[in-house]
Amino acid sequence: MTQEEKYKLAKWAMQHALDHGADEASIILSQSKSSNVDVREQKIDTLKEAIQSSMSVRLFVDNKYSAHRTNRLDKNELAHFIEQAIAGTKYLSPDPFRSLPDAGLYYQGSGEDLGTVDQSYDTIDPKTKVDLAFQVEQEVYKKDDRIISITAGYGDNTSSRLMVTSNGFEGETANSNFSLYASVSVDGGDARPSEAWSERAIFFEQLKKSDIGTTALDRALKKIGQAKINSGKYTMLVENKTVSRLFSPLMAALNGYNIQQKNSFLIDQIGKQVASEKLSLIDDPLIAGGLGSCLFDGEGLASKKRQVFDRGFLGTYFIDTYYAKKLGVDPTTGETSNLIFETGDKDLDGLIKGMKRGILVTGFNGGNTNGSTGDYSYGIDGFLIENGEIIRPVSEMNISGNMKDLWMSLAEVGNDANLSSSWQTPSMVFEGVDFSGS
């Protein structure tokens, strides 16, 4: 469908909902294309391509709310679908906090280009995609007698989302991304260590296309000989791509749903120091070419740059319209976009060299965090460091403690932001973390 046809269909669906009993309505038309290639033993293991279109209908009827989705976009079928959805909504319990956002908070711009979609997406032929997957595998195929298995692959996706609401919002956004990845397992004697590596970019030409397989193999081989070490408190250095596992509970504690449900250890902490002064970051959805960039969020609220942490002081929560009403506060947004950290002056190697004795964590194995208290326990993979040198691989160890204490113990932040994610986490050093044998 053309953009004009999509808007016409969405507006028709919205009006049909209003004409048949809805007080308010929001319509989202989504379209996506994706492809995926996995290769094993120099053969194609998986080859998938998908094209999808769907309509999501959010209905507000007599103080009752429901959300529905269909991929059947014929008007006759949509009319019946919407009418049945409205009839079903009337049986729900009233919820006075449900409504569309205040129209004054909507994005009302002209659709500036944030550089989030590769216009050449449809020109990349299938052979190129398959060749890239084989190229990743070939980097390590039969390169070491200890290799047990290799999986390599290519993936891409492009999607668009058009939204209209009955109180005046109209907007469209689009995204694309491309990725290459490899997973390698090796014979480590008593164990079979495995590791994976991936690269991701919005634009095909910017996608890193080499050293993916070799990186995965190198990381797997370095894990051979993993063993426990003595329990105790250690300095902990967490690799940039791994930090998100510890950072996710911190961000979850800022979510409006968790705050309203009393499942957050950071309730009533705006303006207070909740982390080390080394933690400063912004949420910036308006960065050109950012993996999380967007002009508006899932409700249509205009995107804004926000200070999340400033030298450890909490600056904002992430609260959508519904939970803002329940909490009696103004909405911000229910979603993160590009999280940009204030970085230090050392890369991972520099941080390692600065450690007297500690553990470099390169992966987590299970575990969880209690959202309401912040207590955590995680299994880890990594390496023992002494006097700035990696001594040997470590496994079957757990870290445990409390998230508030952990983030207060943040001692140093690297300069190696993970640019393959919208959460651009750098490597981080934490002091005095409890490690124990599992």
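Placed above this text is the structure.
This structure is a prediction, so every number in the text was calculated from the model and none was measured. (Residues numbered from 1 in each chain as written. Predicted model: local features only at pLDDT ≥ 70, side-chain atom pairs only at ≥ 80, totals over all residues. Heavy atoms only, no water.)

*Asks:* Quick question: what am I supposed to make of the nonpolar core here?
*Replies:* In a soluble, globular protein the nonpolar side chains are often hidden away together inside. Within the largest apolar cluster, 49 residues are counted, with the highest numbers of intra-cluster contacts made by Met236, Leu246, Phe247, Ile399, Trp407, Phe430 and Phe435. Excluding anything up to four places from it in sequence, Trp407 contacts Leu246, Phe247, Leu250, Val274, Ala275, Ser276, Leu279, Met428 and Phe430. Judged by nonpolar contacts, the second largest core, of 27 residues, contains Ala133, Val140, Ile150 and Phe204. (Core = buried A, V, L, I, M, F, W, Y, C linked by side-chain atoms within 4.5 Å. Buried < 20%, exposed > 50% of the residue type's maximum accessible area, 1.4 Å probe, protein only. Contact = heavy atoms within 4.5 Å.)

*Asks:* It is not clear to me how the environment of Leu348 should be interpreted in this structure. Could you clarify?
*Replies:* Considering the arrangement of structural elements, one finds Leu348 in helix α8 (residues 348–353). Look at Leu348 and you get buried, because its relative accessible area is 18%. Put simply, Leu348 and Leu360 are 12 residues apart on the chain and 9.7 Å apart in space, counted from C-alpha to C-alpha. Ignoring sequence-local partners within four residues, the contact set of Leu348 consists of Leu237, Glu239, Leu360, Asp416 and Ser427. (Helix = DSSP H or I, 4+ residues; strand = E, 2+ residues; numbered from the N terminus.)

*Asks:* I would appreciate a short explanation of the pattern of salt bridges in the present structure.
*Replies:* A side chain of one charge can pair with a side chain of the opposite charge if their charged atoms are brought near each other. Applying the stated criterion across every chain, the model contains 17 salt bridges. Between Lys129 and Asp156 there is a salt bridge, with its nearest N and O atoms 3.1 Å apart. One end of the pair, Lys129, is in helix α3 (residues 126–138); the other, Asp156, is in strand β4 (residues 147–165), and 27 residues separate them in sequence. The network of salt bridges with common partners includes Glu195, Arg219, Lys223, Glu239 and Asp381. (Salt bridge = Lys/Arg side-chain N within 4 Å of Asp/Glu carboxyl O.)

*Asks:* Hey, could you run me through the sheet that holds strand β10 (residues 313–314) in this one?
*Replies:* Each strand in a sheet pairs with another by means of backbone hydrogen bonds, the pair being arranged parallel or else antiparallel. One open sheet accounts for 5 strands, arranged β10-β9-β8-β11-β16; its pairing is mixed. The open sheet has two edge strands, β10 and β16 (423–424), and neither has a second partner. The pairing of strand β8 (residues 281–283) with strand β9 (residues 306–310) spans 3 bridges and is classified as antiparallel. Across the sheet, residue Asp283 finds its bridge partner in β9, namely Arg306. (Pairing = 2+ DSSP bridges.)

*Asks:* How should I be thinking about the packing of aromatic side chains in this particular structure?
*Replies:* Tallied over the full model, the rule gives 15 aromatic pairs. Between the aromatic rings of Tyr121 and Phe178, the centroid separation amounts to 5.7 Å while the plane-to-plane angle is 40°, which identifies the pairing as tilted. In this pair, Tyr121 is assigned in the loop between α2 (75–89) and α3 and Phe178 in strand β5 (residues 170–186), connecting sequence segments 57 residues apart. With respect to burial, Tyr121 and Phe178 carry one shared label: buried. A network of ring pairs unites the aromatic residues Phe247, Phe341, Trp407, Trp423 and Phe430 as a single cluster. When the ring centre of Tyr322 is taken as reference, the NZ or CZ atom of Arg98 above it lies at 3.6 Å. (Phe/Tyr/Trp six-rings, centres within 6.5 Å; stacked < 30°, edge-to-face > 60°. Lys NZ or Arg CZ within 6 Å of the ring centre and 35° of its normal.)

*Asks:* What am I meant to see in the pairing of β9 here?
*Replies:* Regular strands have side chains that alternate between both faces of the sheet. Across 2 bridges, β9 lies against β10 in antiparallel orientation. Note on β10: the bridge partner recorded for Phe309 is Leu314. Where β9 hands over to β10, the hairpin turn is made up of 2 residues, of which Arg311 adopts a positive phi near 50°.

*Asks:* Sorry, what's going on with unusual backbone geometry here?
*Replies:* Most peptide bonds take the trans form, and the phi angle of most residues other than glycine is negative. Not every positive phi belongs to a glycine, and Asn63 is a case in point at roughly 65°. What makes Asn63 partly exposed here is its relative accessible area of 48%. Backbone geometry at Glu396 places phi at a positive 55°, although glycine is not the residue there. Relative to the helices and strands, Glu396 is located in strand β14 (residues 389–402). With a relative accessible area of 48%, Glu396 lands in the partly exposed category.

*Asks:* Help me out: how do you make sense of helix α1 (residues 3–19) in this one?
*Replies:* Since one α-helical turn is 3.6 residues long, residues separated by three or four positions face the same way. Counted at 1.5 Å a residue, the expected span for α1 with its 17 residues is 24 Å, and the 24 Å between its end C-alpha atoms agrees. Those residues of α1 that sit buried are Lys6, Tyr7, Leu9, Ala10, Ala13, Met14, His16 and Ala17. The elements touched by buried residues of α1 are β1 (24–40), β2 (43–61), α2, β4 and β5. Just downstream of α1, Gly21 is the residue with a positive phi angle, here 115°. (Expected span 1.5 Å × (residues − 1).)

*Asks:* Teacher, can you tell me more about the sheet that holds strand β3 (residues 64–70) here?
*Replies:* What the 6 strands build is an open sheet, ordered β3-β2-β1-β4-β5-β6; its pairing is antiparallel. Looking at strand neighbours, the two that pair on one side only are β3 and β6 (194–201), the edges of this open sheet. Strand after strand, the sheet turns through a mean of 20° between neighbouring axes, direction not considered. Of the pairings in the sheet, the one linking β1 to β4 comprises 14 bridges and is antiparallel in character. When the sheet's bridge partners are listed, Ser26 is paired in β4 with Thr165. In the packing of α2 onto the sheet, the strands contacted are β2 and β3, and the crossing angle to β3 comes to about 150°. In this fold α3 packs onto β1, β2, β4 and β5, with an angle of close to 140° to the strand it touches most, β4. (Axes fitted to C-alpha atoms, helices over the stretch in contact; angles between N-to-C directions.)

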